[in-house]
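Architecture and fold: a report
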Amino acid sequence: MLKAAQPLLKVENLSIGFSQYFRGTQKRLIQPIANLHVDIAEGEIVAVVGASGSGKSLLAHAVLGILPTNAICSGSIMYRGEELTKRRKEELRGREISFIPQSVNYLDPLMPVGKQVQIGLAKQKAQERQNMLFAHYGLKESDGKLYPHELSGGMLRRVLFATSVREGVKLVIADEPTPGIHPQALAEILKQLQQFAREGAGVMLITHDIMSALEIADRVAVIKDGQTIEISPVSAFSGTGEQLQTDYARKLWRALPQNDFACQELRWEA
Ligand SMILES: Nc1ncnc2c1ncn2[C@@H]1O[C@H](COP(=O)(O)OP(=O)(O)OP(=O)(O)O)[C@@H](O)[C@H]1O
Ligand code: NI
């Protein structure tokens, strides 16, 4: 029998818990993620959507190996057919696996942003590459000497993007890359993610912005309360959502302003 093409990333039965103290001395386990699964093929963009607190960032952090030390993580994370061990994650992070974090707080407040863009680049070419990336993202060369607190929010987002563009990137994990970004910059960021995919990288796009996700993604994974409840092709998000598997996904789809189903449904019920 022919073996099916291997996904670039395959997350199965992922569970993440935290052991927390409460009432001073007693310990309890909270489990924000249980049995979550998702897979991404080379050149594919998979959007991960779900309410705030549903576990999207934790999923990203688990794949990257940057969960807090008190996290208890189980399940399987396979990357190109190999188990992503703690060591492999460290080796690949910032190189083959790049990360665009949700918060600009991931930048080091004590390091000029230019230096931060150079991390992971070959020494001899780092400055040249940085200048290129800055030009590409509309940042001035002199901005490189500034510290994060000296840049605007929009500029910091662009710096984060510049840190994610690396030669040989195979998997891009973008956690809410577009909040508070004006429409033109948004289009630019979506284009950049498409470019990653066109060059063969898999992209995990975590977002609240379902419209943008549908614009560029191939499939959408819907996460609810730390579980994957549905993974559907973008084409299923059409019409009344009759091709979607769950009511939850249908509600997400119908809640989009331009769909305006909420009012119609109310009328039908009346
Ligand atoms: N270090 C931690 N200790 C305890 N609980 C945590 C920790 N980090 C996250 N959680 C909990 O895990 C759940 C999922 O968090 P996560 O950040 O993954 O949500 P999210 O889907 O990314 O939300 P948002 O869309 O708001 O970014 C939340 O309920 C959160 O409170
Ligand atoms: Ni998040």
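This text follows the structure it describes.
Scoring rules and cut-offs
Residues numbered from 1 in each chain as written. Chains lettered and ligands numbered in written order. Predicted model: local features only at pLDDT ≥ 70, side-chain atom pairs only at ≥ 80, totals over all residues. Heavy atoms only, no water. Near = heavy atom within 4 Å. Polar contact = N/O pair within 3.5 Å; in protein donor to acceptor, adjacent residues only side chain to side chain. Areas by Shrake-Rupley, 256 points an atom, 1.4 Å probe, with all protein chains shown as cover. 1 Å grid on protein atoms, 1.4 Å probe; cavity = no way out; pocket = protein on both sides within 12 Å on 5 of 7 lines; lining within 4 Å. Points joined across faces, edges and corners; volume = space filled by probe spheres on them. Helix = DSSP H or I, 4+ residues; strand = E, 2+ residues; numbered from the N terminus. Nonpolar A, V, L, I, M, F, W, Y, C, P; charged D, E, K, R; others polar. Donors = N, O, S within 2.8 Å, 3.2 Å for Na, K, Ca; no water. Tetrahedral: all angles 85-135°; square planar, octahedral: opposite > 155°, others 65-115°. Buried < 20%, exposed > 50% of the residue type's maximum accessible area, 1.4 Å probe, protein only. Core = buried A, V, L, I, M, F, W, Y, C linked by side-chain atoms within 4.5 Å. Contact = heavy atoms within 4.5 Å. Expected span 1.5 Å × (residues − 1). Pairing = 2+ DSSP bridges. Axes fitted to C-alpha atoms, helices over the stretch in contact; angles between N-to-C directions.

1. Some thoughts on the site of ligand 1
Taken together, 15 residues surround ligand 1, and among them S52, G53, K56, S57 and Q102 come closest. A distance of 3.0 Å separates an oxygen atom of ligand 1 from a polar atom in the backbone of G55. Within the contact set of ligand 1, an oxygen atom lies 2.9 Å away from a backbone nitrogen or oxygen of L58. Alone, ligand 1 offers 640 Å² of accessible surface; in the complex the protein occludes 68% of this.

2. Some points on the layout of surface pockets
Roughly 450 Å³ of internal volume is contained in the largest pocket. Lining the largest pocket are 18 residues, with G94, F99, Q116, I119 and T163 sitting closest to its centre. When contributions to the lining of the largest pocket are tallied by element, the ones reaching two or more residues are β6 (97–100) and α5 (153–164). In the lining of the largest pocket, the residues fall into eight nonpolar, six polar and four charged.

3. Structural notes on the coordination of the nickel ion (ligand 2)
Protein coordination at the nickel ion (ligand 2) comes from S57 (OG) and Q102 (OE1), with a distance range of 2.0 to 2.3 Å. Every donor counted, the four donor atoms about the nickel ion (ligand 2) form angles of 79 to 169 degrees at the centre, which fits square planar coordination. With a gap of 45 residues between them, S57 in helix α1 (residues 56–64) and Q102 in the loop between β6 and α3 (113–118) connect regions that are remote in the sequence. Among the residues examined, Q102 registers a relative accessible area of 35% and is labelled partly exposed.

4. Some thoughts on the nonpolar core
The nonpolar side chains of a soluble globular protein tend to be buried, and buried together. Among the nonpolar cores identified, the biggest contains 46 residues, and L193, F196, L214 and V220 are the most heavily contacted of them. It is helix α6 (residues 183–198) that contributes the most residues to this core, seven residues altogether. The residues touching V220, leaving out its near neighbours within four places in the chain, are A47, V49, L214, E230, I231, S232, V234 and F237. Counting 32 residues, the second-largest nonpolar core is a separate cluster that includes L36, V48, A221 and I223.

5. Some details on α5
If you check α5, its first and last C-alpha atoms are 17 Å apart, about what twelve residues at 1.5 Å a residue would give, namely 16 Å. Listed in full, the buried residues belonging to α5 are L156, R157, V159, L160, F161, A162, T163 and S164. Structurally, α5 contributes buried residues whose contacts are with β6, α3, α4 (123–136) and α6.

6. Points about α4
The end-to-end C-alpha distance of α4 is 20 Å, a good match for the 20 Å that 14 residues give at a rise of 1.5 Å each. Those residues of α4 that fall on the buried side of the exposure criterion are A126, R129, Q130, L133 and F134. In this fold, the buried residues of α4 make contact with α3 and α5.

7. Here's the deal with the sheet that holds strand β5 (residues 82–83)
Strand order across the open sheet formed by four strands is β2-β1-β4-β5, with antiparallel pairing between neighbours. Both edges of this open sheet fall to β2 (26–40) and β5, since each of them pairs with a single strand only. Bridge count for strand β1 (residues 9–22) against β2 is ten bridges, and the pairing is antiparallel. Residue pairing in the sheet places S19 in a bridge with L29 of β2. In the packing of α1 onto the sheet, contacts are made with β1, β2 and β4 (71–79), and the angle to β1 comes to roughly 110 degrees.

8. Quick look at unusual backbone geometry
One non-glycine residue, N13, lies in the positive phi region at around 50 degrees. Considering the arrangement of structural elements, one finds N13 in strand β1.

9. A short note on the sheet that holds strand β9 (residues 219–224)
Spatially, six strands are ordered β6-β7-β8-β3-β9-β10 in an open sheet, and the strand pairing comes out mixed. Both edges of this open sheet fall to β6 and β10 (227–233), since each of them pairs with a single strand only. Pairwise comparison of adjacent strand axes, ignoring direction, gives a mean angle of 15 degrees for this sheet. In this structure, strand β3 (residues 45–49) lies alongside β9, joined through four bridges in parallel fashion. Its bridge partner being in β9, A47 is matched across the sheet by V220. On the sheet, α1 packs against β3, β6, β7 (171–175) and β8 (202–206) and is oriented at approximately 150 degrees with respect to β7. Helix α8 (residues 247–254) rests against β3, β9 and β10 of the sheet, and its axis sits at about 110 degrees to β9.

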